[in-house]
Amino acid sequence: MKKLRNSSISRIGKEFALSTADLRRIMREFRSEMAKGLAGGKSSLKMIPTYVDKPTGREKGDFIALDLGGTNFRILEIALKGGGRTGDPRIMKFVLQKRHVNGQGSELFDFIAGCMRKFLDKYRISDDKLDLGFTFSFPVNQTAVASGTLVCWTKDFSAKGVVGQDVVALLVRAFRKKGVDLVNVSALVNDTVGTLVAKAYQDTDCDIGIILGTGTNACYRESLSGIRKWRGPSTKSGKMLVNTEWGNFNKLKLNRYDTFLDAHSENKGYQILEKAVSGMYLGEIARLVLVNLVKDGMLFGEMGSKVFKKAVGGAKLFRSEYASEILGDRSAGLAATGRILASLGVRKTSTEERRVVRDVCAIVRRRAARIATAALGAVILEMDGRIARRHTAAIDGSVYEKMPGFAADMRAALVELFGSRASRIKLTLAKDGSGKGAAIVAAVAAGENRDSAHFSCGESVGKMGAVPIIKS
Ligand code: GLC
């Protein structure tokens, strides 16, 4: 069995291997896709201008944030105290049902508005007009700081009638229906932007925001002259955050498991990098590898359960959380792994079999971390070709936070790519930043609306408040 394990694991390892040269190739291709996207040409990277720059850290006041992007969504009230400090937020979490995620768009927005009503009632928030930052973690063609149309759904969302619509307008309409009149939606932000902005409120080196969770994506700080498709006014700082939507990058070498997963996915041909890297898919890739071993009679003998026999699965059969638990199993006989497998219907497993399962999870994780690092490397080189400055990447998401070895794999790949210059790149966990970041952007946008002053998030992005005055 041991020999069998070694040979099959090394074969699988080869199918998922990415050499340093492969990573460099990905970086090159990624940069070329970035350039095309920034120029407005055909590219798998949308490179969306966000109408937002880094904050100054001086933003102040009470703000509401609404954070939608996964099956949970949150409403927060946050006090920004200036000097990079914030008070403890008041938070309510809600679970979305299938009918919200995959039904009619109006059901989704009505539900959100109903939750907002509950939030305001619970905390008796009624005195003044409140500014709200809306974190909406999907590809949105931003037309102003507080408006933008949904390009396409990603992850497992498919609510009808929303693609092509202004999501802020949909939210405001739903608010009106539920009598939520006090809330003024003053910013629409992607979760990567929220994560970056929240970190940059305290750390001036922060110029990248990354999500490695259910989905994956990154935003970074670009010079306006580099955004060749930008037709808006020039800005004092000359910079703006750009949402890469890197999950859709499609210049990756795919193996048979990737091809199979993509072919059976809801958005075939899209979100190729996301399908190799993010939490929605990592467990499923590992499962597909295990299914093959079971089919070849190399794993679980007669014990194979449905979970490891079904060809087409989905994110819920062998969830990435299981892979994380297995990768964190430190017991000699991999008892926790045994328990997970038993819960999935494989009642009896040998230690060797559990090791195979763990090794497969590690192979899939390592490749994901290496791809994410190559993409990150490309983004850093775009900002600073010689890596002469310090860069902090604020990273949020369950894969980065909870999958044992993921962060270490990323750090190792960074050193492999950049040698000693990698020490200028800080990868830092920025938990739950996206809501806070949305509140900060709302603060900036609201301030600019009230005084008609120049947008002072970081420096200036011209006069862009809640009113969509710039169409791209
Ligand atoms: C998906 C979305 C993107 C988001 C990411 C992380 O890739 O398209 O907008 O940032 O998931 O939530």
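Residues numbered from 1 in each chain as written. Predicted model: local features only at pLDDT ≥ 70, side-chain atom pairs only at ≥ 80, totals over all residues. Heavy atoms only, no water.

Undergrad: What exactly am I supposed to notice about the environment of I227 here?
TA: Relative to the assigned elements, I227 resides in the loop between β11 (216-223) and β12 (239-243). Taking the C-alpha atoms as reference points, I227 and C206, 21 residues apart in sequence, are found 20 Å from one another. Ignoring any residue separated from it by four or fewer positions in sequence, one finds I227 in contact with L38, P49, E222, M240 and V242. (Helix = DSSP H or I, 4+ residues; strand = E, 2+ residues; numbered from the N terminus. Contact = heavy atoms within 4.5 Å.)

Undergrad: In this structure, what is going on with the pairing of β12? I would like to understand it.
TA: Within a regular strand, the side chains alternate between the two sheet faces. Burial analysis of β12 places 4 of its 5 residues in the buried class, which makes it a mostly covered element. Bridge count for strand β1 (residues 48-49) against β12 is 2 bridges, and the pairing is antiparallel. Note on β12: the bridge partner recorded for I48 is N243. Relative to β12, β11 is paired through 5 bridges, and the arrangement is antiparallel. Bridging from a neighbouring strand, R221 pairs with L241 of β12. (Buried < 20%, exposed > 50% of the residue type's maximum accessible area, 1.4 Å probe, protein only. Pairing = 2+ DSSP bridges.)

Undergrad: Help me understand the site of the ligand, please; the structure alone is not making it clear to me.
TA: Among the 15 residues in the neighbourhood of the ligand, the closest are listed as T154, K155, D191, E245 and E274. In this structure, an oxygen atom belonging to the ligand sits 3.5 Å away from a main-chain N or O atom of S137. When contributions to the shell around the ligand are tallied by element, the ones reaching two or more residues are α6 (191-200) and β11. Of the residues belonging to the shell around the ligand, the class tally is 3 nonpolar, 8 polar and 4 charged. When residues of the shell around the ligand are assigned to domains, at least three map to each of domain 1 (1-48 + 202-431) and domain 2 (51-189 + 432-464). (Near = heavy atom within 4 Å. Polar contact = N/O pair within 3.5 Å; in protein donor to acceptor, adjacent residues only side chain to side chain. Nonpolar A, V, L, I, M, F, W, Y, C, P; charged D, E, K, R; others polar. Domains from an automatic or database assignment.)

Undergrad: Is there a simple way to think about the environment of S32 in this case?
TA: Examined against the element boundaries, S32 turns out to sit in helix α2 (residues 20-39). A residue is classified by how much of its surface remains accessible, and S32, at 36% relative accessible area, is partly exposed. Sequence-wise, S32 and F138 are 106 residues apart; in three dimensions their C-alpha atoms are separated by 23 Å.

Undergrad: Just checking my understanding: could you explain a positive patch on the surface for this structure?
TA: Together, R24, R390, R421, R424 and K426 make up a positively charged patch on the protein surface. Along the chain, R421 turns up in the loop between α14 (406-418) and β14 (425-429). R421 gets classed as partly exposed once you look at its relative accessible area, which sits at 31%. (Patch = residues over 30% accessible without salt bridge, like charges linked within 9 Å, V, L, I, M, F, W, Y side chains within 5 Å. Areas by Shrake-Rupley, 256 points an atom, 1.4 Å probe, with all protein chains shown as cover. Salt bridge = Lys/Arg side-chain N within 4 Å of Asp/Glu carboxyl O. Lys, Arg positive; Asp, Glu negative; His and termini not counted. Charge placed at Lys NZ, Arg CZ, Asp CG, Glu CD.)

Undergrad: Which parts of the structure should I look at to understand the domain arrangement of the chain?
TA: Accessible area lost upon the coming together of the parts serves often as the stated size of an interface. Entries for the chain in the domain assignment read domain 1 (1-48 + 202-431) and domain 2 (51-189 + 432-464). Averaged C-alpha coordinates put domain 1 and domain 2 at centres separated by 28 Å. At the junction of the two partners, domain 1 supplies 24 residues and domain 2 supplies 21 residues. Carbon and sulfur atoms supply 56% of the area buried between domain 1 and domain 2, which totals about 2000 Å² over both sides. Across the domain 1-domain 2 interface, the total number found is 1 salt bridge. (Buried area = accessible area lost by both parts, 1.4 Å probe.)

Undergrad: Even after reading the chapter, I still don't get the sheet that holds β14, so can you show me in this structure?
TA: Pairing between sheet strands relies on hydrogen bonds along the backbone, with the strands arranged either parallel or antiparallel. Pairing is mixed in the open sheet, where 6 strands are placed in the order β1-β12-β11-β10-β13-β14. Since the sheet does not close on itself, it has two edges, and those belong to β1 and β14, each with one partner. Against the sheet, α14 contacts β10 (206-212) and β14, and its axis sits at roughly 170 degrees relative to β14. (Axes fitted to C-alpha atoms, helices over the stretch in contact; angles between N-to-C directions.)

Undergrad: Just checking my understanding: could you explain the confidence of the model for the chain for this structure?
TA: Any region with low pLDDT has predicted coordinates that should not be read closely. Mean pLDDT over the chain works out to 90, with 94% of the residues at or above the 70 mark. Low pLDDT, under 50, characterises residues 451-472; the stretch is placed with 72 contacts to residues that sit more than four places away or in other chains. (pLDDT = per-residue confidence, 0-100.)

Undergrad: What am I meant to see in the packing of α2 against α14 here?
TA: Packed helices, taken two at a time, are described by the angle between their axes plus the distance between the axes. Close contact between α2 and α14 brings their axes to 10 Å; oriented N to C, the two are set at 85 degrees. The orientation of α2 with respect to α14, classified from their angle, is roughly perpendicular. Every residue of α14 that contacts α2 at T20, L23, R24 and M27 is listed here: A413, E416, L417 and F418. Class assignment of the residues belonging to the contact of α2 with α14 gives a composition of 5 nonpolar, 1 polar and 2 charged. (Parallel < 35°, antiparallel > 145°, perpendicular 65-115°, else oblique.)

Undergrad: Looking at this model, I keep getting lost on the pairing of β10. Mind explaining?
TA: Extensive coverage of β10 is indicated by the burial of 7 of its 7 residues. Both β10 and β11 contribute to a ladder of 5 bridges, which runs antiparallel. The residue bridging L212 from the neighbouring strand is T216, located in β11. Here β10 folds back onto β11, and the loop between the two strands holds 3 residues.

Undergrad: It is not clear to me how the pattern of salt bridges should be interpreted in this structure. Could you clarify?
TA: Opposite charge on two side chains permits pairing when their charged atoms draw close. Following the criterion strictly, the structure yields 24 salt bridges and no others. E321 is paired through a salt bridge with R319; the nearest N and O atoms lie 3.6 Å apart. Classification of R319 by relative accessible area gives partly exposed; the value is 33%. A single salt-bridge network, built from bridges that share partners, covers R11, E15 and R256.

Undergrad: Explain the nonpolar core to me, please; I cannot follow it from the model alone.
TA: Considering soluble globular proteins, one finds that nonpolar side chains tend to be buried as a cluster. Formed by 116 residues in total, the largest nonpolar core has its most connected members in L212, W246, F308, V360 and L376. Both domains that meet at this core, namely domain 1 (1-48 + 202-431) and domain 2 (51-189 + 432-464), each give it at least three residues. In this structure, F119, V168, L171 and A174 belong to the second largest nonpolar core, which totals 39 residues. (Core = buried A, V, L, I, M, F, W, Y, C linked by side-chain atoms within 4.5 Å.)

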